[in-house]
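# Structural features, examined
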Amino acid sequence: MTEIKSLTMEELKAALKELGEKPFRAGQIFKWLHAGVRSFDEMSNLSKELRAKLAERFVLTVPEVARKQVSQVDGTVKYLWRMRDGDCVESVLMHYEHGNTACVSTQVGCRMGCKFCASGLNGLKRCLSPGEILDEVLFMQQDSGEKISNIVLMGTGEPLDNYDNVLKFLHLVSCAEGINIGQRHISLSTSGIADKIEELAEEKLQITLSVSLHAPDDETRSSIMPVNRAYPIERLVRACNYYFDTTGRRISYEYMMARDKTDRPWQAEKLAGLLRGRPAHVNLIPLNEVAESPLRPSTRETVRRFQAALEKRGVTATVRRKLGPDIDAACGQLRRREMQK
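What this report covers is the structure whose coordinates are included nearby. What you see is a predicted model; the values in this text were computed from it and never measured. (Residues numbered from 1 in each chain as written. Predicted model: local features only at pLDDT ≥ 70, side-chain atom pairs only at ≥ 80, totals over all residues. Heavy atoms only, no water.)

## Some points on helix α9 (residues 233-247)
To keep it simple, the criterion reads: Put simply, DSSP H or I for four residues or longer makes a helix, DSSP E for two residues or longer makes a strand, and each gets a number counted from the N terminus. What a helix is expected to span follows from its residue count: subtract one and scale by 1.5 Å. We call two residues in contact when some of their heavy atoms are within 4.5 Å.
A rise of 1.5 Å per residue sets the reference length of α9, with its 15 residues, at 21 Å; its end C-alpha atoms lie 21 Å apart and thus fit the reference within 8%. Where α9 is buried, its residues touch α6 (194-203), β11 (208-212), α7 (218-224), α8 (227-230), β12 (251-257) and α10 (265-275). Positive phi shows up at G248, right after α9, with a value of about 75°.

Okay, structure coming up:
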């Protein structure tokens, strides 16, 4: 059966027409879906007959909270959701002065195999549907009682490895008839699938593209990110330049600070050389330690010097604030712990 929450407004209208229903019913149903109803029976302004038809034809996805952790340090909330087939995915609710941000997953597991991330330690199991990704946002709002104003696709999975479903999710979550989160408040993070970056550019969305660079040279990057063997840095930078030239949207580059691996002075100089003259922002990320990885975080002083070296060479750089240090807030840690149980 079709997942009803994965349907756009136009697709919902077409489906209702097949059922002999008026098009305006689609708007009513769409609003109920994006309010996070748990059954068709909650759609009180629909007839019992129509609710029965919907239940017979469609699946209404409702994830359950398998585990929830709240940081005593900064209030960050990490959710482990159990989907209807039993698979688990993670989401994080973060609080900032400018509003609440939801970090959502796009796949169950990941096949990118980055050495610093727990998400891909067990490989990729499956992709999430557009409605399942939307569920993470809807039910985080519902459980927390707090409105989400920003979304980052930086949880488990590679969004561009689930391209069609993620693209549809972006349209659903920014739809005016739904929860209407503006695309300028959405960031999509990719490990660097260059051809998909170029394909995404053609959509001319208003989202922010974040590229997980993490090293400025092919030797280092390939050793920690296998995707670099398929899309080396020169190819990736070319795709990023195409994205900016096509959309006019500045790209954010994520750069993990790993001791004696990615934080050396010559790497700061090389990184600045890659990005100099292009509208770009570098987000320096203190490494979240993963037990199975040999990588360790850079010292605060090293991060500060690296940032200063970039800015001296004309590249804007900030250091990401570490949230939820006491609740396994890094990608994949909570799901992996649950799997090991």
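## Details of empty space enclosed by the protein
Here is the rule we go by: Only protein atoms enter the 1 Å grid used here, on which a cavity is any set of points holding a 1.4 Å probe that cannot leave and a pocket is any open set flanked by protein within 12 Å on both sides along at least five of seven lines; residues with an atom within 4 Å of a point are listed as lining. Grid points are joined across faces, edges and corners, and a volume is the space filled by probe spheres set on the points.
This model, assessed by the stated rule, comprises 2 cavities of 30 Å³ or more. Reported here for the largest cavity is a volume of approximately 50 Å³. Forming the walls of the largest cavity are C240, N241, F244, I251, Y253, R278, P279 and A280. Where the lining of the largest cavity is concerned, the elements lending two or more residues are α9 and β12.

## A closer look at the packing of aromatic side chains
Formally: Aromatic rings from Phe, Tyr and Trp, taking only the six-membered ring of Trp, are treated as a pair when their centres fall within 6.5 Å; an angle between ring planes under 30 degrees marks them as stacked, one over 60 as edge-to-face, and anything in between as tilted. Whether a residue is buried, partly exposed or exposed follows from its accessible area with a 1.4 Å probe, protein chains only, as a fraction of its type maximum: under 20%, in between, or over 50%, in that order.
Going through the model one piece at a time under the given rule, you end up with 2 aromatic pairs. Aromatic side chains Y79 and W81 sit 4.9 Å apart centroid to centroid with 10° between the ring planes, which places their arrangement in the stacked category. Relative accessible area serves as the criterion here: at 0%, Y79 is assigned to the buried category. Relative accessible area serves as the criterion here: at 2%, W81 is assigned to the buried category.

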